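Architecture at a glance
What follows is each chain in one-letter form.
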Amino acid sequence: MKTIEVLIIGAGPSGMVSALCLAKLGISSLVVERNTTLNPHPKAHELNARSIEILSELGFSYEELEGEASPKSDGARILFCNTINEEFGRIDLEEDEERQEKYTRH
């Protein structure tokens, strides 16, 4: 019987990156996930500087990460809803020219 040193519950971004980090250190792990298919609506929608550093250390290039990114416009709108069909407020970061400049990559 094979011995697994670490059991990781959940194959989301944190679970998968944890498995990669452990493998890089030579530590065996097993990732278990309750869903049998990919989630069409992933929960991770943003990478901060530290996340990019970690992924870079794991061998992912900035170009690869950028290639997987959603369009900027997808993250520019924040909707407030009572139900999926009942919106009661919205913030659109692309409507305001000053905000557009802040979120434009130079």
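Everything here concerns the structure above.
Definitions and limits used
Numbers given to residues run from 1 along each chain, matching the order in which its sequence is written. Given that this is a predicted model, residues contribute local features only at a pLDDT of at least 70 and side-chain atom pairs are listed and counted only at 80 or more, while totals for whole chains, interfaces and linings are drawn from all residues. Each side-chain value is worked out from all heavy atoms of the structure, with water and hydrogens disregarded. Two N or O atoms form a polar contact when they lie within 3.5 Å of each other; inside protein one atom must be a possible hydrogen donor and the other a possible acceptor, and for residues adjacent in sequence the pair counts only when both atoms belong to side chains. What counts as a helix is a DSSP run of H or I of at least four residues, what counts as a strand is a run of E of at least two, and both are numbered from the N terminus. Excluding any residue in a salt bridge, patches collect residues exceeding 30% relative accessible area, merging like charges within 9 Å and nonpolar Val, Leu, Ile, Met, Phe, Trp and Tyr side chains within 5 Å. Areas reported as accessible are Shrake-Rupley estimates using a 1.4 Å probe. Residue values count occlusion only from the protein chains shown. Whenever Lys or Arg places a side-chain nitrogen within 4 Å of a carboxyl oxygen from Asp or Glu, that contact is recorded as a salt bridge. Residues counted as positive are Lys and Arg, residues counted as negative are Asp and Glu, and His and the chain ends are not counted. Every charge is mapped to an atom, namely NZ of Lys, CZ of Arg, CG of Asp or CD of Glu. Three exposure classes are used, based on accessible area relative to the maximum for each residue type with a 1.4 Å probe and protein chains only: buried under 20%, partly exposed in between, and exposed over 50%. Aromatic pairing here means that ring centres of Phe, Tyr or Trp (its six-membered ring) are within 6.5 Å. Orientation follows from the plane angle: under 30 degrees is stacked, over 60 is edge-to-face, and everything else is tilted. A pair of strands is treated as paired once DSSP finds two or more bridges between them.

Now for helix α2 (residues 49–57). Structurally, the start of α2 carries an N-cap: the backbone nitrogen of R50 is 3.1 Å from a side-chain oxygen of N48. Positive backbone phi, approximately 105°, marks G59, located one or two places after α2.

For the rest of this paragraph, the subject is the environment of E33. Position of E33 relative to the elements: it lies in the loop between β2 (29–32) and α2. A C-alpha to C-alpha distance of 9.4 Å links E33 and G15, two positions 18 residues apart in sequence. Side chain to side chain, E33 and N35 meet in a polar contact 3.0 Å long.

A cluster of acidic residues, E95, D96, E97 and E98, forms a negative patch on the protein surface. Residue classification places D96 among the partly exposed residues on the basis of a relative accessible area of 33%.

Now for the packing of aromatic side chains. Tallied over the entire structure, the rule returns one aromatic pair. Each ring, one from F80 and one from F88, has its centre 6.4 Å from the other, and the planes form 40°; the classification is tilted.

Another aspect to go through is a nonpolar patch on the surface. Judged by side-chain polarity, I4, L7, I9, L30 and V32 come together as a nonpolar surface patch covering roughly 440 Å² of accessible area. Put simply, the parts of the chain that give the nonpolar patch at least two residues each are β1 (6–9) and β2.

What follows is about the side chain of D92. When you line up the elements, D92 lands in strand β4 (residues 86–92). Within the buried set, D92 has no salt-bridge partner at all; the shortest N-O distance to an opposite charge, 4.9 Å, is to R90.

Here we come to the environment of S28. With respect to the helices and strands, S28 occurs in the loop between α1 (13–24) and β2. Linking S28 and I4, residues 24 residues apart in sequence, is a C-alpha distance of 5.5 Å.

Bridge count for strand β3 (residues 77–83) against β4 is six bridges, and the pairing is antiparallel. Note that in β4 the partner of L79 across the bridge is R90.

Below, the discussion takes up the pattern of salt bridges. One pass over the full model with this rule turns up two salt bridges. Two residues, R50 and E53, come together in a salt bridge whose shortest N-O distance is 2.9 Å. Taken together, the positions of R50 and E53, both in helix α2 and three residues apart, correspond to about one turn of that helix. Taking relative accessible area as the criterion, R50 reaches 46% and is therefore assigned partly exposed. E53 gets classed as partly exposed once you look at its relative accessible area, which sits at 41%. Of the charged contacts in the structure, one is a salt bridge between R90 and E87, with a shortest N-O distance of 3.0 Å.

Take it as geometry only, folks, not as evidence of what the structure does.
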